[in-house]
Amino acid sequence: MKSFKNILFVSQGLPSDSDSIGQALRLSQANNAQVKGLIVCPALSPKLNEYQDTYENALRQTVNQQIDKSRQENHIAEADVPLPLQVLSGEKPAVNIIKNILSHKHDLLIKDAEPLDGSDEGFKAIDMTLLRKCPCPVWLNRLVHQPLDKRQVAVAIDPISTSLEENALSIRMLQLARDIANKCDYRLHVLSCWEYQLENYLRNSLWIKIDQDELNAELDSSRVSHRKALDRLIEQSGIGGDIIIHHLQGAADVQIPEFVNEKEIDILVMGTLARTGIPGFVIGNTAENILQSIKCSLVALKPEGFESPIS
């Protein structure tokens, strides 16, 4: 697993059946890393200020019980992996989380995905803010019924890079996904989508008559070129093991969610910036559409040098 050294586990103090705490404990133990816990919660109104300490202690007790249960399930003693807890109350929990990460230089955030109302797809406001603005990788966990060694891992890659930063990000994504898969099902699913943007227009246009064999040859050339770029990227990453490549034809924001949901992928690794070199640049449309259409846990990376707009 990538050598994370300063992990932050975040809870909202709610009951949880997901494996976020276990993930934080296991990563800390495997990397000999420091891990801390942060409970973010709304503050009580000034009229109820005398109950604030009792309220925070109750949240701390709830999370400590979850930590104790996870320690037993993972056979990780407190002496081996301490997990101190801090409670931070106030408005704008996502902003408070990011400021804590910046202040303590955490290199990975692990958090339960916010519960969704009426739908099991997408992510809610706090999580979307973290995906857009958190300076470090974000691991948003959802409840998985499969045991750890049966969980399926996929990584979504666009091999057509427009910059060295994007190429480096794709390599980091492949390497991290490989490491996660090694702890799970071992097979790594690599997803990449190609499409010929003008295909529908050129096939159906009343004004341009293109020989269908010529158009098919053009499409095949585009497919082969895209696949060669994907193969080169995988080779550059240096990853080995059992790799299953899914070279999908069509728009990424349609094909990737369909694949992930139909194949019941448990963890998806992807990048969340449209382009690099712009501090605080928001998620691109394609990535945003994918995020709002998946049901699984998500590990999201940004390019090296990304600067959060929150300070």
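Read on for an overview of the structure.

## What to know about the pairing of strand 6 (residues 153-156)
Here's step 1: Burial of the side chains of strand 6 extends over both faces: Val 153 and Val 155 are buried on one face and Ala 154 and Ala 156 on the other.
Here's step 2: By the bridge criterion, four bridges tie strand 6 to strand 7 (residues 188-194) in an arrangement that is parallel. Considered in strand 7, the bridge of Ala 154 is made with His 189.
Here's step 3: Bridge analysis of strand 6 against strand 9 (residues 267-271) gives three bridges, and the strand direction is parallel. Residue pairing across strands places Val 155 opposite Val 269, the latter belonging to strand 9.

## Things to note about the packing of helix 3 (residues 93-104) against helix 4 (residues 125-133)
Here's step 1: For the pair helix 3 and helix 4, the least separation of the axes is 9 Å and the interaxial angle reads 35 degrees. Note on packing geometry: the crossing formed by helix 3 with helix 4 is right-handed. Of the residues in helix 4, those touching helix 3 at Pro 93, Ala 94, Ile 97 and Ile 98 are Ile 126, Thr 129, Leu 130 and Lys 133.

## Considering the side chain of Glu 56
Here's step 1: As for its placement among the helices and strands, Glu 56 is situated in helix 2 (residues 52-74).
Here's step 2: For the buried residue Glu 56, which engages in no salt bridge, the nearest side chain bearing the opposite charge is Arg 60, 5.2 Å off.
Here's step 3: Excluding residues within four positions of it along the chain, Glu 56 makes contact with Val 87 and Ser 89.

## Digging into the packing of helix 1 (residues 20-31) against helix 2
Here's step 1: The geometry of helix 1 relative to helix 2 is characterised by a closest axis approach of 9 Å and an angle of 60 degrees between their N-to-C directions. In terms of their interaxial angle, helix 1 and helix 2 are classed as oblique. Crossing hand, helix 1 versus helix 2: right-handed. Of helix 2, the residues touching helix 1 (which contributes Ile 21, Gly 22, Leu 25 and Arg 26) are Val 63, Gln 66, Ile 67, Ser 70, Arg 71 and Asn 74.
Here's step 2: For the contact of helix 1 with helix 2, the residue count by class is four nonpolar, four polar and two charged.

## Some points on helix 3
Residues three or four positions apart in an α-helix share a direction because the helix packs 3.6 residues into each turn.
Here's step 1: In this model, helix 3 (12 residues) spans 16 Å end to end at C-alpha, consistent with the 16 Å of a helix rising 1.5 Å per residue.
Here's step 2: Within helix 3, the full set of buried residues consists of Ala 94, Asn 96, Ile 97, Ile 98, Asn 100 and Ile 101.
Here's step 3: Buried positions along helix 3 lie against strand 1 (6-11), strand 2 (34-41), strand 3 (85-89), strand 4 (108-112) and helix 4.
Here's step 4: Of the residues one or two after helix 3, Lys 105 is the one with positive phi, at around 55 degrees.

## Overview of the packing of aromatic side chains
Here's step 1: Here the structure, examined in full by the defined rule, presents zero aromatic pairs.
Here's step 2: The ring of Phe 123 has Arg 142 lying over it, and the distance from NZ or CZ to the ring centre is 4.3 Å.
Here's step 3: The ring centre of Tyr 186 lies 4.7 Å from the NZ or CZ of Arg 178, which sits over that ring.

## Structural notes on the environment of Gln 66
Here's step 1: Mapped onto the elements, Gln 66 comes out in helix 2.
Here's step 2: Residue Gln 66 is classed as buried on the basis of its relative accessible area of 15%.
Here's step 3: A sequence separation of 169 residues divides Gln 66 from Glu 235, and the C-alpha atoms of the two residues are 41 Å apart.
Here's step 4: Apart from the residues lying within four places of it in its own chain, the contact partners of Gln 66 are Leu 14, Pro 15, Ser 16 and Ile 21.

## Let's talk about the pattern of salt bridges
Here's step 1: Scanning the model with the defined rule gives eight salt bridges in all.
Here's step 2: Of the charged contacts, one joins Arg 172 and Glu 304 as a salt bridge, the two residues approaching to 3.5 Å between their closest N and O atoms. Remark: Glu 304 occurs in the segment after strand 10 (297-301) and Arg 172 occurs in helix 5 (residues 164-182); sequence separation between them is 132 residues.
Here's step 3: The exposure class assigned to Arg 172 is buried, which follows from its relative accessible area of 17%.
Here's step 4: Across the pair Asp 220 and Arg 223 runs a salt bridge whose closest N-O atoms are separated by 2.6 Å. Taken together, the residues span about one helical turn, with Asp 220 and Arg 223 both in helix 7 (residues 212-237) at a distance of three residues.
Here's step 5: Among the residues examined, Arg 223 registers a relative accessible area of 32% and is labelled partly exposed.
Here's step 6: Salt bridges sharing partners connect three or more residues here, namely Asp 19, Arg 26 and Arg 151.

What counts, and where the lines are drawn
- Throughout, residues of each chain are indexed from 1 in the direction in which the sequence is written.
- With the structure being a predicted model, the display of local features is reserved for residues of pLDDT at least 70 and the display and counting of side-chain atom pairs for 80 or more, all residues being used for whole-chain, interface and lining totals.
- In computing side-chain properties, one takes all heavy atoms of the structure into account and sets aside hydrogens as well as water.
- Think of it in three bands: with a 1.4 Å probe and only protein chains considered, a residue is buried below 20% of the maximum accessible area for its type, exposed above 50%, and partly exposed in between.
- Here a strand is any run of E in DSSP of at least two residues, a helix any run of H or I of at least four, and the numbering for each starts at the N terminus.
- Think of it this way: DSSP has to see at least two bridges between two strands before they count as a pair.
- Helix axes are fitted only over the stretch in contact, all axes being lines through C-alpha atoms; the angle between N-to-C directions runs from 0 to 180 degrees.
- The sense of a crossing depends on the near helix, which, turned anticlockwise from the far helix by less than a right angle, makes the crossing left-handed and, turned clockwise, makes it right-handed.
- Contact definition: two residues touch when any of their heavy atoms are within 4.5 Å.
- Counted as positive: Lys and Arg. Counted as negative: Asp and Glu. His and the chain ends are not counted at all.
- In what follows, salt bridge is the name for a side-chain nitrogen of Lys or Arg lying within 4 Å of a carboxyl oxygen of Asp or Glu.
- Should an angle fall under 35 degrees it is called roughly parallel, over 145 degrees roughly antiparallel, and 65 to 115 degrees roughly perpendicular, with every other angle called oblique.
- Residues are grouped as follows: Ala, Val, Leu, Ile, Met, Phe, Trp, Tyr, Cys and Pro are nonpolar; Asp, Glu, Lys and Arg are charged; every other residue, Gly included, is polar.
- Multiplying 1.5 Å by the residue count of a helix minus one yields the expected span of that helix.
- Any Phe, Tyr or Trp ring, taking Trp's six-membered ring, that has another such ring centre within 6.5 Å forms a pair; planes under 30 degrees apart are called stacked, those over 60 apart edge-to-face, and the others tilted.
- By definition, being over a ring means that NZ of Lys or CZ of Arg is both within 6 Å of the ring centre and within 35 degrees of the ring normal.

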